[in-house]
Amino acid sequence: MNDFRRLEQLAKQYKALYPKGTRIELQMMGSDPRPIEPGTRGTVDHVDDLGTIHCTFDNGRRLGIIPEEDSFRRLTQDEILDEQSEKLQREYIDKVNKEVIPCIEWMGMKNAYKNGDMTFPTDLLRMLHEKYLEVYGTDHIDSSAGMVTVPGVVQAADGNIYPALLDIDACSSGEHWGTNFFTPRGVLSDQSDDKDVLHEIHKLVPYKYWYTTELETDHHVDWLFCPEKVADMIDAATEQDQTEEVKLE
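Here the structure is a predicted model, which means the values were calculated and not measured.

It is not clear to me how the sheet that holds strand S4 (residues 62-65) should be interpreted in this structure. Could you clarify?
Picture the strands of a sheet paired through backbone hydrogen bonds; they go either parallel or antiparallel. Sheet architecture is open: 5 strands sit in the order S4-S3-S2-S1-S5, paired in antiparallel fashion. Each having just a single partner strand, S4 and strand S5 (71-74) make up the two edges of the open sheet. Shown here is a sheet whose adjacent strand axes are inclined to one another by a mean of 40°, direction ignored. In terms of strand pairing, strand S1 (residues 23-28) meets S5 through 4 bridges, oriented antiparallel. Bridging across to S5, Ile24 finds its partner in Arg74.

Just checking my understanding: could you explain helix H1 (residues 3-17) for this structure?
Residues spaced three or four apart along an α-helix face the same direction, because each turn holds 3.6 residues. Between its first and last C-alpha atoms H1 spans 21 Å; for 15 residues at 1.5 Å apiece the expected length is 21 Å, and the two agree. Looking only at H1, the buried set comprises Leu10, Ala11 and Tyr14. Down the axis, H1 shows its buried residues gathered within 110° of arc, on one side only. When the buried face of H1 is taken as reference, the exposed residues oriented beyond 90 degrees from it are Lys12 and Ala16. The inward-facing, buried residues of H1 abut strand S2 (41-47).

Whenever I open this one, the pattern of salt bridges confuses me. Can you help?
Should the charged atoms of two oppositely charged side chains come close, the side chains can pair. Under the criterion given, the structure shown has 20 salt bridges. Between Arg73 and Glu79 there is a salt bridge, and its shortest N-O distance comes to 2.8 Å. Among the ionic pairs, Lys131 bridges to Glu99, the shortest N-O distance being 2.8 Å. With a gap of 32 residues between them, Lys131 in helix H4 (residues 119-136) and Glu99 in helix H2 (residues 77-99) connect regions that are remote in the sequence. By relative accessible area, Lys131 is classed as buried at 14%.

How should I be thinking about the side chain of Glu200 in this particular structure?
Here Glu200 is to be found in helix H5 (residues 195-202). Overall, Glu200 belongs to the buried group, its relative accessible area being 18%.

Here is what the cut-offs are and how they apply
Residue indices follow the written sequence of each chain, beginning from 1 at its first position. Given that this is a predicted model, residues contribute local features only at a pLDDT of at least 70 and side-chain atom pairs are listed and counted only at 80 or more, while totals for whole chains, interfaces and linings are drawn from all residues. The side-chain values count all of the structure's non-hydrogen atoms but skip hydrogen atoms and water molecules. In short, DSSP must find at least two bridges between two strands for them to pair. Going along the chain from the N terminus, every DSSP run of H or I of four or more residues is numbered as a helix, and every run of E of two or more is numbered as a strand. Think of each axis as a best-fit line through the C-alpha atoms, taken over the contacting stretch in the case of a helix, with angles from 0 to 180 degrees between the N-to-C directions. Here, expected helix span is obtained from the residue count minus one, scaled by 1.5 Å. Note on exposure labels: buried denotes an accessible area under 20% of the residue type's maximum, exposed denotes more than 50%, and partly exposed covers the range between, all computed with a 1.4 Å probe on protein chains only. Arc definition: it is the arc formed by the directions from the helix axis to the C-beta atoms. Residues count as neighbours in contact if any of their non-hydrogen atoms are within 4.5 Å of one another. Salt bridge, as used here, is a side-chain nitrogen of Lys or Arg placed within 4 Å of a carboxyl oxygen of Asp or Glu.

Spelled out as structure tokens, the structure:
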């Protein structure tokens, strides 16, 4: 078999193995004078008739991979799901930062807790939940969702009930990793390095939490003993829901 025929056969194999959209990770680039850094991920654009795999890498560069010279691998399905989960989580957090937090009337929040009127916190929870639905298209979570940030309600040690964003690992039956509390003092994160914030967080611990989404495998949240005020907030925030399959694309 001559070289051209061999390359033609290899090109057919590579086109079948690496169709457009395949996610790959570069391990080592051979003789290219400006090689892409090992570990960089990218997406296959096409495979040409010589068997070169043309990719757009996540760092913005576009370059062809030569299988006989360069070392690379396909991402596993789990890695692809993790990427999709991280993308949706970032999109949701970005939406909250840009479209929810700037709209919060902090004086109204202070007055709500001073007067014991949960209308304002409930409206805020509804906004957080609506933005979640805009990103995910559903309020149902399964294990393929990976790490998610979900709207929730916290019953804190100071006696108050606060809207919150909860970091939940759907793969680990709802393991809880962190909380952002929406309080009259602002948004407080228990992952903060700020000593003043951590001092305020200390006043809220220990706390119980519930959330507006549905994760059937979660055994960390006691839904049977959800306080009536918390249940009322969640019901009011989710009353317009239409549950669908989780969107990971």
